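Chain by chain, the residues run as shown.
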Amino acid sequence: MPSTSEKTQVSHVSVLGLGMMGSALAAALLRAGHSVTVWNRTSAKTGPLVAQGALPASTVADAVAAAPLVIVCLTTNDDVREALAPADLTGTVLVNLTNGTPAQARDLAAYAHKQGARYIDGGIMAVPQMIATPAAYVLYSGDEQAYEAHEPVLAAFGGTKWVGTDPGRAALHDLALLTSMYGMLIGVTQALALVRSAGVTASEFAGPLHAWVSAMLEGVVPGIAEAVDSGRHLTDVSSLAVNQAAFPNLTATYREQGVSTQLFEPFQKLLDRSIAEGHSADGLSRLVELLDDEG
Ligand code: NDP
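Remember, predicted model here, so these are calculated numbers, not experimental data.

### Things to note about the packing of aromatic side chains
All told, the structure shown has five aromatic pairs when counted by the stated rule. Measuring from ring centre to ring centre gives 6.1 Å for Phe247 and Phe264, while their planes differ by 20°; the resulting arrangement is stacked. Of the two residues, Phe247 sits in helix 9 (residues 240–256) while Phe264 sits in the loop between helix 9 and helix 10 (265–276), which places them 17 residues apart along the sequence. Pairing Phe247 with Phe267 gives two aromatic rings, centres 5.3 Å apart and planes at 45°, and the pair type is tilted. Residue Phe247 is found in helix 9, and its partner Phe267 is found in helix 10; the two are separated by 20 residues along the sequence.

Structure follows, in structure tokens:
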């Protein structure tokens, strides 16, 4: 295992993968003044980065050998495993920013260690256009010593958030945040389908929708978090009983308007179960525990 002291002055970084995200990461490193070697499976994609000052590598092995810090951003972790296979990782700090599961991150960490490398996993909480702006941040977990040594370089992408030494932790946080995003998008999608069925345009409805979702997030999340952590689910805000009674109005209206109910039926089932199990006076926070049960 390499010592990190020899890596603390890293100013040469290799980036593997120049898709939309990898290209944004490499460009941010260049703008921050680092020397950057780039590799992409389809080599033509190195052109724009080379025009900005990057050095092209024709193989993964060459790119890994070129720099002590290697950033990887491919479509899946299977692609990462496949791409890294021919490379000698000895002495490398590998930062994998590919979206994946916690188990995949742990497997890759074990693989990297076996190859004599240090491993940091990351979850990018931004789209490519946000990279290097104050709105972007990246979650990191894994080898803390390597992270501390290289955090100043990683800061080129935006904010850095360390979440723990379990290599799978960044992916878990990332997927939890994405879960809330997809949940919100399910609601937005259904709401727009519903108003559209009545001749209201999406643009017309976008303002009230945005204001409502923002106000609900701000008003509801802290209370739910407090109830989940304390286990005190009794509420004076909105009981499960009243939600269960109101929810069929949603699905009935979808049917009347010819809009699919498929995205919302599972939530009705969960509400029904909460009442059947005797939680009618509790608030919506109780549902977190019911999902635990379904584990
Ligand atoms: P793109 O589709 O734009 O790029 C995918 C990249 O992966 C390309 O460089 C592609 O190479 C490469 N690749 C795919 N399969 C292989 C393989 N088997 N071997 C070698 N290289 C391979 O995707 P993005 O850049 O948008 O996303 C990359 C990662 O970043 C994903 O895990 C994504 O979830 C994550 N991410 C993306 C965000 C976004 O908004 N775009 C936001 C947050 C995370 P080639 O050019 O040759 O096809």
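So, next bit.
### Structural notes on the pattern of salt bridges
The tally for this structure, following the rule as stated, stands at seven salt bridges. Among the salt bridges present, the one from Asp143 reaches Arg118, with a minimum N-O distance of 2.8 Å. Of the two residues, Asp143 sits in the loop between strand 7 (137–142) and helix 6 (144–154) while Arg118 sits in strand 6 (residues 118–125), which places them 25 residues apart along the sequence. The two residues Asp143 and Arg118 agree in class, both being buried. Where Asp282 meets Arg286, a salt bridge forms, and the shortest distance between an N and an O atom there is 2.7 Å. Here Asp282 falls in the buried class, since its relative accessible area comes to 8%. Through salt bridges with shared partners, one network takes in Asp282, Arg286 and Glu289.

### Some points on the sheet that holds strand 2 (residues 35–39)
Ordered in space as 3-2-1-4-5-6-7-8, the eight strands form an open sheet in which the pairing is mixed. Each edge of the sheet is formed by a strand with only one pairing partner; in this case those strands are strand 3 (55–56) and strand 8 (159–164). Sheet topology note: the strand 6/strand 7 ladder contains six bridges and is antiparallel. By the bridge assignment for strand 7, Ile124 is matched with Val138. On the sheet, helix 6 packs against strand 1 (12–16), strand 4 (69–72), strand 5 (93–96), strand 6, strand 7 and strand 8 and is oriented at approximately 170° with respect to strand 8.

### Points about the pairing of strand 2
Within strand 2, four of the five residues are buried, which leaves the element mostly enclosed by the surrounding structure. For the crossover from strand 1 across helix 1 (residues 20–31) to strand 2, the handedness is right-handed. Examined bridge by bridge, strand 2 and strand 3 share two bridges and lie parallel to one another. Looking at the pairing, Val38 lines up with Pro56 of strand 3.

### Focus on the site of the ligand
Met20, Met21, Asn40, Thr42 and Lys45 are the nearest of the 22 residues found near the ligand. Contact between the ligand and Gly19: an oxygen atom at 3.1 Å from a main-chain N or O atom of the residue. Within the backbone of Met20, an N or O atom sits 2.8 Å from an oxygen atom of the ligand. For the ligand, the protein covers 77% of the area, taking 900 Å² as the surface of the free molecule. For the shell around the ligand, the secondary structure elements donating two or more residues are helix 1 and helix 4 (77–84). Considering every element that reaches the shell around the ligand, the biggest residue donor is helix 1, with three residues. Among the residues forming the shell around the ligand, the class breakdown is 10 nonpolar, eight polar and four charged.

About the cut-offs
- Residues numbered from 1 in each chain as written.
- Predicted model: local features only at pLDDT ≥ 70, side-chain atom pairs only at ≥ 80, totals over all residues.
- Heavy atoms only, no water.
- Phe/Tyr/Trp six-rings, centres within 6.5 Å; stacked < 30°, edge-to-face > 60°.
- Helix = DSSP H or I, 4+ residues; strand = E, 2+ residues; numbered from the N terminus.
- Salt bridge = Lys/Arg side-chain N within 4 Å of Asp/Glu carboxyl O.
- Buried < 20%, exposed > 50% of the residue type's maximum accessible area, 1.4 Å probe, protein only.
- Pairing = 2+ DSSP bridges.
- Contact = heavy atoms within 4.5 Å.
- Axes fitted to C-alpha atoms, helices over the stretch in contact; angles between N-to-C directions.
- Right-handed = clockwise from strand over helix to strand, strands pointing away.
- Near = heavy atom within 4 Å.
- Polar contact = N/O pair within 3.5 Å; in protein donor to acceptor, adjacent residues only side chain to side chain.
- Areas by Shrake-Rupley, 256 points an atom, 1.4 Å probe, with all protein chains shown as cover.
- Nonpolar A, V, L, I, M, F, W, Y, C, P; charged D, E, K, R; others polar.

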